[in-house]
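Understanding the architecture of this molecule
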Protein chains: 4
Amino acid sequence: MNLIQPAAPAAEELRERFRAVRAHTLELAAPLSAEDQCIQSMPDASPTKWHLAHTTWFFETVLLQPHASGYRLFDQRFPYLFNSYYEALGPRHPRPQRGLLTRPALDEVHAYRRHVDEAVLALLGTASEADWPAIEPVVTLGLHHEQQHQELILTDILHALSCNPVLPAYRPASGPALRLASVPPPVRWIERPGGVVEAGHPGPGFAFDNETPRHATLLRPHAIADRLVNCGDYAQFIADGGYQRPDLWLSDGWATVQAQGWRCPPYWLGPDDPRLVHHGAAGGWQVFGLHGVRPMEPEAPVAHLSFYEAAAYAEWAGARLPTEFEWEAAHDAPGISQMHGQVWQWTRSSYDPYPGFRPLAGVAAEYNGKFMVGQIVLRGSSVATPAGHARPSYRNFFPPAARWQFSGLRLAKDL
Amino acid sequence: MNLIQPAAPAAEELRERFRAVRAHTLELAAPLSAEDQCIQSMPDASPTKWHLAHTTWFFETVLLQPHASGYRLFDQRFPYLFNSYYEALGPRHPRPQRGLLTRPALDEVHAYRRHVDEAVLALLGTASEADWPAIEPVVTLGLHHEQQHQELILTDILHALSCNPVLPAYRPASGPALRLASVPPPVRWIERPGGVVEAGHPGPGFAFDNETPRHATLLRPHAIADRLVNCGDYAQFIADGGYQRPDLWLSDGWATVQAQGWRCPPYWLGPDDPRLVHHGAAGGWQVFGLHGVRPMEPEAPVAHLSFYEAAAYAEWAGARLPTEFEWEAAHDAPGISQMHGQVWQWTRSSYDPYPGFRPLAGVAAEYNGKFMVGQIVLRGSSVATPAGHARPSYRNFFPPAARWQFSGLRLAKDL
Amino acid sequence: MNLIQPAAPAAEELRERFRAVRAHTLELAAPLSAEDQCIQSMPDASPTKWHLAHTTWFFETVLLQPHASGYRLFDQRFPYLFNSYYEALGPRHPRPQRGLLTRPALDEVHAYRRHVDEAVLALLGTASEADWPAIEPVVTLGLHHEQQHQELILTDILHALSCNPVLPAYRPASGPALRLASVPPPVRWIERPGGVVEAGHPGPGFAFDNETPRHATLLRPHAIADRLVNCGDYAQFIADGGYQRPDLWLSDGWATVQAQGWRCPPYWLGPDDPRLVHHGAAGGWQVFGLHGVRPMEPEAPVAHLSFYEAAAYAEWAGARLPTEFEWEAAHDAPGISQMHGQVWQWTRSSYDPYPGFRPLAGVAAEYNGKFMVGQIVLRGSSVATPAGHARPSYRNFFPPAARWQFSGLRLAKDL
Amino acid sequence: MNLIQPAAPAAEELRERFRAVRAHTLELAAPLSAEDQCIQSMPDASPTKWHLAHTTWFFETVLLQPHASGYRLFDQRFPYLFNSYYEALGPRHPRPQRGLLTRPALDEVHAYRRHVDEAVLALLGTASEADWPAIEPVVTLGLHHEQQHQELILTDILHALSCNPVLPAYRPASGPALRLASVPPPVRWIERPGGVVEAGHPGPGFAFDNETPRHATLLRPHAIADRLVNCGDYAQFIADGGYQRPDLWLSDGWATVQAQGWRCPPYWLGPDDPRLVHHGAAGGWQVFGLHGVRPMEPEAPVAHLSFYEAAAYAEWAGARLPTEFEWEAAHDAPGISQMHGQVWQWTRSSYDPYPGFRPLAGVAAEYNGKFMVGQIVLRGSSVATPAGHARPSYRNFFPPAARWQFSGLRLAKDL
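Since the structure is predicted, the reported quantities are computational estimates derived from the model, not experimental observations. (Residues numbered from 1 in each chain as written. Chains lettered and ligands numbered in written order. Predicted model: local features only at pLDDT ≥ 70, side-chain atom pairs only at ≥ 80, totals over all residues. Heavy atoms only, no water.)

For the rest of this paragraph, the subject is the overall build of chain A. Scanning chain A from terminus to terminus reveals nine helices and 12 strands. A compact globule built from 415 residues should have a C-alpha radius of gyration of about 22 Å, and chain A, at 22 Å, falls within 12% of that. Expressed along its principal axes, the backbone C-alpha trace of chain A runs to roughly 65 × 55 × 35 Å. Going through the 415 residues of chain A one by one, you find that 60% of them count as buried. In chain A, the share of contacts with a sequence separation of at least 24, taken over all contacts with a separation of at least 6, comes to 78%. For chain A, the accessible area works out to roughly 15300 Å², and carbon and sulfur atoms hold 55% of it. (Helix = DSSP H or I, 4+ residues; strand = E, 2+ residues; numbered from the N terminus. Rg over C-alpha atoms; globule rule 2.2 N^0.38 Å. Buried < 20%, exposed > 50% of the residue type's maximum accessible area, 1.4 Å probe, protein only. Contact = heavy atoms within 4.5 Å. Areas by Shrake-Rupley, 256 points an atom, 1.4 Å probe, with all protein chains shown as cover.)

Our focus in this paragraph is the pattern of salt bridges. Counted according to the given criterion, the structure contains 92 salt bridges over all chains. Here Arg403 of chain A and Glu309 of chain A are joined by a salt bridge, their closest N and O atoms 2.6 Å apart. Highlighted residues: Arg403 of chain A in the loop between strand 10 (396–398) and strand 11 (407–408) and Glu309 of chain A in helix 8 (residues 307–316), separated in sequence by 94 residues. Taken individually, Arg403 of chain A and Glu309 of chain A each receive the classification buried, so the pair is uniform in this respect. For Glu324 of chain B, the salt bridge goes to Arg379 of chain B, with nearest N and O atoms at 2.8 Å. With a gap of 55 residues between them, Glu324 of chain B in helix 9 (residues 324–329) and Arg379 of chain B in strand 9 (residues 376–380) connect regions that are remote in the sequence. If you follow the salt bridges from partner to partner, you end up with Glu12, Arg15, Glu16 and Arg19 of chain A in one network. (Salt bridge = Lys/Arg side-chain N within 4 Å of Asp/Glu carboxyl O.)

Next up on the list: the sheet that holds strand 10 (residues 396–398) of chain C. All names here are of chain C. Reading across from one edge, 10-9-8-11 is the order of the four strands in this open sheet, with mixed pairing throughout. Two strands bound the open sheet, and with one partner strand each, they are strand 10 and strand 11 (407–408). Two elements, strand 8 (residues 344–350) and strand 9 (residues 376–380), share four bridges in a ladder whose sense is antiparallel. Of the residues in strand 9, the one forming a bridge with Ser350 is Ile376. (Pairing = 2+ DSSP bridges.)

Turning our attention to the interface of chain A and chain B. With 31 residues of chain A at the interface, the matching set in chain B holds 31 residues. In total, about 2500 Å² of surface goes out of reach between chain A and chain B, with carbon and sulfur atoms giving 61% of it. Counting the surface chain A buries against chain B, the share from its top three residues, Glu35, Leu100 and Arg103 of chain A, is 30%. For the pair chain A and chain B, the interface holds four salt bridges. (Buried area = accessible area lost by both parts, 1.4 Å probe.)

Residues and elements named next belong to chain C. Burial within strand 8 is extensive, with seven of its seven residues counted as buried. Alternating positions in strand 8 separate into two faces, Trp344, Trp346, Arg348 and Ser350 on one and Gln345, Thr347 and Ser349 on the other, with burial throughout. Across two bridges, strand 8 lies against strand 11 in parallel orientation. The residue of strand 11 that forms the bridge with Gln345 is Gly408.

The next thing to look at is the sheet that holds strand 6 (residues 286–289) of chain A. Hydrogen bonds between backbone groups are what pair the strands of a sheet, and the pairing can be parallel or antiparallel. Residues and elements named next belong to chain A. Read across the sheet, three strands follow the order 5-6-7 without closing on themselves; strand pairing throughout is antiparallel. Whereas interior strands pair on both sides, the edge strands pair on one side only; in this sheet they are strand 5 (268–269) and strand 7 (292–295). Two strands pair when backbone bridges link them, and strand 5 and strand 6 are joined in this way by two bridges, in the antiparallel orientation. Looking across to strand 6, one finds that Trp268 is bridged to Val287.

Residue Gly203 of chain A is joined to Pro204 of chain A through a cis peptide bond whose omega torsion reads -10°. Structurally, Pro204 of chain A can be placed in the loop between strand 2 (195–199) and strand 3 (215–219). Geometrically, the link from Arg103 of chain D to Pro104 of chain D is a cis peptide bond, its omega value of 0° lying close to zero. For Pro104 of chain D, the location among the structural elements is in the loop between helix 3 (78–82) and helix 4 (106–126). Unlike most non-glycine residues, Leu167 of chain C shows phi in positive territory, near 50°. Structurally, the position occupied by Leu167 of chain C is in the loop between helix 5 (132–162) and strand 1 (189–192).

This part covers the interface of chain A and chain D. Across the contact, 32 residues belong to chain A and 32 residues belong to chain D. Summed over both sides, the interface between chain A and chain D buries roughly 2400 Å², with carbon and sulfur atoms accounting for 56% of that surface. Taken together, the connections running from chain A to chain D amount to two salt bridges. Note that Arg348 of chain A is salt-bridged to Asp352 of chain D, the shortest N-O span being 3.9 Å. Linking chain A to chain D there are eight residue pairs in polar contact (both at pLDDT 80 or more). For the side of chain A that touches chain D, the secondary structure elements donating two or more residues are strand 3, helix 7 (251–260), helix 8 and strand 8 (344–350) of chain A. Per element, the largest residue contribution to the side of chain A that touches chain D is four residues, and it comes from strand 3 of chain A. For the side of chain A that touches chain D, the class distribution of residues is 17 nonpolar, seven polar and eight charged. (Polar contact = N/O pair within 3.5 Å; in protein donor to acceptor, adjacent residues only side chain to side chain. Nonpolar A, V, L, I, M, F, W, Y, C, P; charged D, E, K, R; others polar.)

Take helix 8 of chain A next. Residue and element names in this part refer to chain A. Most of helix 8 sits out of view: eight of its 10 residues are buried. For helix 8, the elements touching its buried residues are helix 6 (231–239), helix 7, strand 8 and strand 9 (376–380). Phi for Gly318, located one or two positions after helix 8, is positive at around 70°.

Turning to the environment of Glu12 of chain A, a few remarks are in order. Residue placement: Glu12 of chain A occurs in helix 1 (residues 11–29). On a C-alpha basis, the gap between Glu12 of chain A and Phe74 of chain A in space is 25 Å, while along the polypeptide they are 62 residues apart.

Time to look at the side chain of Asn83 of chain B. Residues and elements named next belong to chain B. Mapped onto the fold, Asn83 is located in the loop between helix 3 (78–82) and helix 4 (106–126). Judged by its relative accessible area of 0%, Asn83 is buried. A polar contact of 3.4 Å, which involves the side chain of Asn83, links it to the backbone oxygen of Gly90. Those residues in contact with Asn83 that sit more than four places away from it in its chain are Trp50, His54, Trp57, Phe78, Leu89, Gly90, Pro91, Arg92 and Arg98.

Once that is clear, we can look at the UniProt feature "domain: Sulfatase-modifying factor enzyme-like" (unreviewed entry) in chain A. Under the UniProt annotation, "domain: Sulfatase-modifying factor enzyme-like" (unreviewed entry) lies at residues 189–330 and 335–413 of chain A. Across residues 335–413 of chain A, helical content stands at 0% and strand content at 24%; the span's end C-alpha atoms are separated by 17 Å. (UniProt positions renumbered as here; feature names shortened; annotations may be inferred.)

Shown next as structure tokens:
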């Protein structure tokens, strides 16, 4: 496995990092009952319990089996159950049926995690210097992989809870804040020059293969908004008939609006929504989120948009989405804000391979490259992204109709 | 509500019966975890927890709200969640999404049951003689209703567990036997005369509206098998290419065989089934059931057949299915066996209304009548039917492709 | 092949009948262009050209190949193209793709008909007395088969033309009348006694196997309407909210109403239908039919109803549908009218086999028996039924949601 | 309408060009019967007759209605029938139902063409110098639009005929050659330098809006194959298990291979294909094309590949697809061949807007821009592309699963 110039933390640092990341996953699941952790609300989403097991299977398969001599599988049946999409690793349980796995029970999955955690920590504690170059990148990859699933735990359970007419909260609002909102300054356009810029991961440190190789790219003069589009902005788009005007939409987007009956973002509830009867909400938009149903906050970045909605909004606003290279080049521009920790930001870039891209070797070859068609790049990071996981060169990607992520937008325009 | 000559047990007897039936439902759920009780494996099946709540909602809605003065709903949101199909009672949660109801949690549903149980027992303890004729039939209907759901708890969880590649057992075989098998005598044909016979519920005692009115019907001379078709018989049908010969099948049946890839009953596993790897089974058919995976028992009645398969088997055997009236007339025929407690028996009768049929009045009008199209009558009762629930005139019904019930067949032929 | 006491017309009479029936098929197709004759508007319907060829294939396959020595197939490829559903006769072109058969061209299909016609007439002209018992029933069956397809030519093209927003007429109204309407007398209830009656084909003469064996059946006292439900009656049902009241509908029917958005019969057009813009229609219901768009005639029997709609109407009217045996018993009752030549009449009888039913031997075994599940019996005949094709014992059958036939209803009620 | 520096031919030249293009459309339809011209074999394809009418409607709507004073619509109903996807022009007949339009008949569509042709020619003959800048670009756009549909006439009818088990030829091989094959030289890799190159339409002359603005782009050093991948090459990929190896495929591609059962290009027939029975073909691959079924020619460029197949082939060959900019930059490279007139060539570029892209003004705004998501760019032109329609900057685009175009590939690789 040929990772891009990985840093080599001492073994103890890596063990500590391993413990912390693994513990955080369990903390995210803690507010949920065993029932909650078992359900799957759509094929794209997975049960919390499955995430707990799959991330564990990843370490077992990619690290322990090849590198920990004498390691024995926790359960012979788990590779079939918890492989996600690795064709090279054999057949697997059909994705849309993950919610039927009441067995293994949650307790067994916890035991599985402990079993693998102990084996990983033991391996890290005893690995020789000679083994380190083979082991460290795999552990690091596994931890970044687990962080990706930490975000999915939140987005997937939010979708699942949204399907319950009772609209239960993941965590009451009095708990640790996951609040999206901050009071943004008024929008300002930041002018950016054209010219050749470098894009992609500069190293050192970890990056996924899809961020490489770093390469030159040509920009044209443009302007980029200093902040994200917020809920107040988006409510104006709705009020102006944005969901009824085909001229604003890409063709596939308009077809989706009509087929799915979209009228607002997926977790927005209008004042006459029957589900609000038992929530005592009075007037105006309500928004369902990890803290349950709360009044729409105009200054909060709008979230859970599809690419189609982001592009239609930009058209309505007389602007456009930035390309992923414009976004990356503006990352540290003076005056720019909300680049991270709020919502992933749709770009106007399809998820194509960088020039000279080569996938990781071995099993991890399937990690990113095979998804490079039919998807759109998002940049930044969201309120659900774990601390330390984001990078200026990070390329997130989803199909253009996906709405269950914390996904929003920032405007750009030509100069 | 105009039930057919209901018996009038004393209040205390009815309270006792209520306690017993309600307790039995919980006993059936006891081997299952909260996770198990939450899942829904297909739109036709429901989660155990939903059955627990829906049967409770039935008493709350049909008995307590109209008859228990001062009764307060346990939760205002539950009628929406736990109404099954009663259009007159307002909108309801979509049937295919019952598996997403992780909230209310199982504990809350148990509390709901206790709340309603107490109210029902209190009502029965204080009802005046004048109220009795209005109350007793509703309680009795509610108990028969709950018994129907007791059977569904078993058939639905069996289907759900069958979707898990681990094939977990509902209850280990060492527990109380739910074994289908008994050693049957060799098949004998019992000759039956033609002529006018009465069919339908004769009274007194409870019956569903669809068993009435009792009426005369004309039979022709025929013969009926003294026992059920068993697994050994059915294995011969399979071995003889039964699933590959269109001439044996009804047109819709053959289309289903091809579209669904049917090759054997749904819970039979051939010797090369990959799910058997971890079960140590050696050779021959295995059958998944409430006790898990066990070798096929030739003498056990074949179960989980669709009507299409039952009809194809009969054609292959040079016989036919009995009509529901032939079945009922033969109920007490000398020498006949296995009429109850093994498998429901597909008949060659579509589920049409009896001459003069009128549905129950009020809400219960939707109980049976509105399903009288596109379904086939099954007679008898199964290993999953609660004690005391079966009757000679009982008309069970399912669509012809349904396979998740304990459904088999008995042969008949013209003389 | 064991037909029920077929009459034995002299060879010349049969040749004449053959010529007449075959010619009538072409007359029905005459108003249609080659384009019109090629399209298929839904899987249940077939192109006119396909009907022309399939009925020809039937004679070629069932009569000429086994009985005409030295007969050579017109085209080796046609059996694959024009077999409808006979599994015993090998694979065939998928039903939903019949509309893609632009080749063979219409001219070739006409040549195919001539080729087969000549061979059949030659065979009939030279068959020996010894061959006659084998030949005559097959020719007779083929002619009745062709008459069934004559009706389908009309119902299928009506559906196809209804899918064209231009709403073209099959035949201008000034042509030979296919008018449904006649001024009916006011409704009268004809009281009918209970008791044992004989049902099924009495012989002699041709009947399909599904009309046999004639057998005794028990009726209860009832009343039957002397005339059909007409469009004026049905418009009141619509105006009274019939399509919005779930209490009137069978469960499957209500689900279909909602899923398909049914609001009126399929060929009725409300005053604001956009397709009427170019038809100059003013106010009130318009009805699309073989003569194009015409104002709804209140006295015309309502047509193109599904069984679900017929049953809901009867419920709304405080009545019910007759059973197929009540209908047959009332066939010649004094005062009854509109039993034939208007619309097929849905009954409250599922299409089950008669007691003692055996299908025809040989290839024709697949003609009727294999469809005996999931369908409903209709009795009578329609405006599209060829002269001489109807019988009191005739059992037509369609699935309960089918609407493209000339299907209506007559009311009955218990006494 | 702001086209990019259109050339301004004299009126007579444009009239001549108009006559020639319009006549060529009819020539392409000439081998087809009215039946052939009416069918639609899948939602993505359209009937020939519809193409004839739609291209006419385009001139009527975009040219005659705004610019020809006193022009009267040929038929008020045609705009609804023959609008393709222009939301701004009102509702339209559903795309998947175009095959049901037997009316207007082919003759009427021919009359429609004549009516519009006369009006266009008259307008061009009388237009003043002042009107010319408004008129000429629209006529030119309409002619290029018609040429695009000329290609679709061929690809759509080829698909339709391929659905007929008789596999009829569009035109016998003895007719004017549409042969794909030419004997290519052995493959050679042409090395190409990196650096800044200009891409996009340089002007003058016509181009679609999606080819603009011309802009600088950065290339890296690479090599590009001098010729197309041919059928012989592709047969090796098949023989090597290319369709059975998930490691070669993009994830969506592999899912499609499995869901659709792909085993070879769509019009290839293996030696045991039942449709070959009546074609007398002996051994080896056969290929269905516009000339009917013919033996696979190893030296012919492989056609009718999806992007998924093209990308999998490139992976198998240890190469990759060129980007659209690499392709364009290599257009006139010494030694390169088969850039045009054979097959459209899938690139590794998603169909994103060029920097600074603005769609055409007015109705034509919907021409290209709204499709810029979820599609892949193809470059070059095919055997079905009309003479004079291709350009180095031409961007064709289709979804990655599309297979009914004449689409193939050329390899590239990094240096």
